[in-house]
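# Coordinate analysis (summary)
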Amino acid sequence: MATIFTRIVEGEIPSYKIAESKDFYAFLDINPLAKGHTLVIPKKEVDYIFDVEDNLYKELFLFAKKTGKAIESVIPCKRVGIIVFGLDVPHAHIHLIPINKASDMSFESPKLSLEKEEFEEISSAIRSAFGKM
Ligand code: AMP
């Protein structure tokens, strides 16, 4: 059965899209730790990130880098943190999280609850920045 992220890529489940290429897709995390919290995935369904084939793995991180640069150009923050868990969704994904201090990366912290309009505003701004890179 297709993963929830494959269903997002295929447009079956809506997402706040940030960027897309032939092989990759980036979209806002629906339970964000911070405004601009983004997930970057390979379209190819691979559960564990270290099972992603070498070339695709390198390209995935380059795509995440470009996405991170777009995020930091829009969301005020010290850095964009990068982390991989993959304990919940069995489809490799990189979390990109705007942070000002280490604890901003803690998944123990309460998630933000944003309105649809805020998600749309944030994704549109980051998408536009990504398009200019
Ligand atoms: P993990 O697999 O532990 O890295 O966590 C999966 C992440 O995917 C969580 O941060 C969820 O909030 C996020 N997530 C799950 N479903 C969706 C969805 N439909 N749209 C956006 N993000 C999602």
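Everything discussed here concerns the structure shown above.
Residues numbered from 1 in each chain as written. Predicted model: local features only at pLDDT ≥ 70, side-chain atom pairs only at ≥ 80, totals over all residues. Heavy atoms only, no water.

## Describing the pattern of salt bridges
Inspection of the entire model under this criterion finds eight salt bridges. Between E12 and R7 there is a salt bridge, with the nearest N and O atoms lying 2.8 Å from each other. Residue classification places R7 among the partly exposed residues on the basis of a relative accessible area of 32%. K116 is paired through a salt bridge with E120; the nearest N and O atoms lie 2.8 Å apart. Linking K116 with E120, this pair stays in helix α3 (residues 116-131), spanning four residues, or about one helical turn. In this structure, a network of salt bridges that share partners links the residues K17, E20 and K43. (Salt bridge = Lys/Arg side-chain N within 4 Å of Asp/Glu carboxyl O. Buried < 20%, exposed > 50% of the residue type's maximum accessible area, 1.4 Å probe, protein only. Helix = DSSP H or I, 4+ residues; strand = E, 2+ residues; numbered from the N terminus.)

## Details of the sheet that holds strand β1 (residues 17-20)
Strand order across the open sheet formed by five strands is β1-β2-β3-β5-β4, with antiparallel pairing between neighbours. Two strands bound the open sheet, and with one partner strand each, they are β1 and β4 (79-83). With direction set aside, neighbouring strand axes in the sheet form an average angle of 20°. Bridge count for β4 against strand β5 (residues 94-99) is five bridges, and the pairing is antiparallel. When the bridges of β5 are listed, G81 appears paired with I97. Its contacts with the sheet place helix α2 (residues 54-74) against β1, β2 (24-28), β3 (38-42), β4 and β5, and it is angled at close to 155° to β3. Against the sheet, α3 touches β1 and β2, its axis set at about 30° to β1. (Pairing = 2+ DSSP bridges. Axes fitted to C-alpha atoms, helices over the stretch in contact; angles between N-to-C directions. Contact = heavy atoms within 4.5 Å.)

## Some points on the packing of aromatic side chains
In the structure shown here, the tally under the stated rule is nine aromatic pairs. Ring geometry for F5 against F27: centres 5.3 Å apart, planes inclined by 75°, an arrangement best described as edge-to-face. Of the two residues, F5 is situated in helix α1 (residues 4-9) and F27 in strand β2; the sequence distance between them amounts to 22 residues. Ring plane angle 85° and centroid distance 4.7 Å describe the contact between F85 and F107, whose orientation is recorded as edge-to-face. Highlighted residues: F85 in the loop between β4 and β5 and F107 in the loop between β5 and α3, separated in sequence by 22 residues. For F85, a relative accessible area of 42% translates into the label partly exposed. What makes F107 partly exposed here is its relative accessible area of 24%. Members of the aromatic cluster, each reached through a chain of ring pairs, are Y48, F50, Y57 and F61. The lysine or arginine in question, K66, covers the ring of F130, its NZ or CZ lying 4.5 Å from the ring centre. (Phe/Tyr/Trp six-rings, centres within 6.5 Å; stacked < 30°, edge-to-face > 60°. Lys NZ or Arg CZ within 6 Å of the ring centre and 35° of its normal.)

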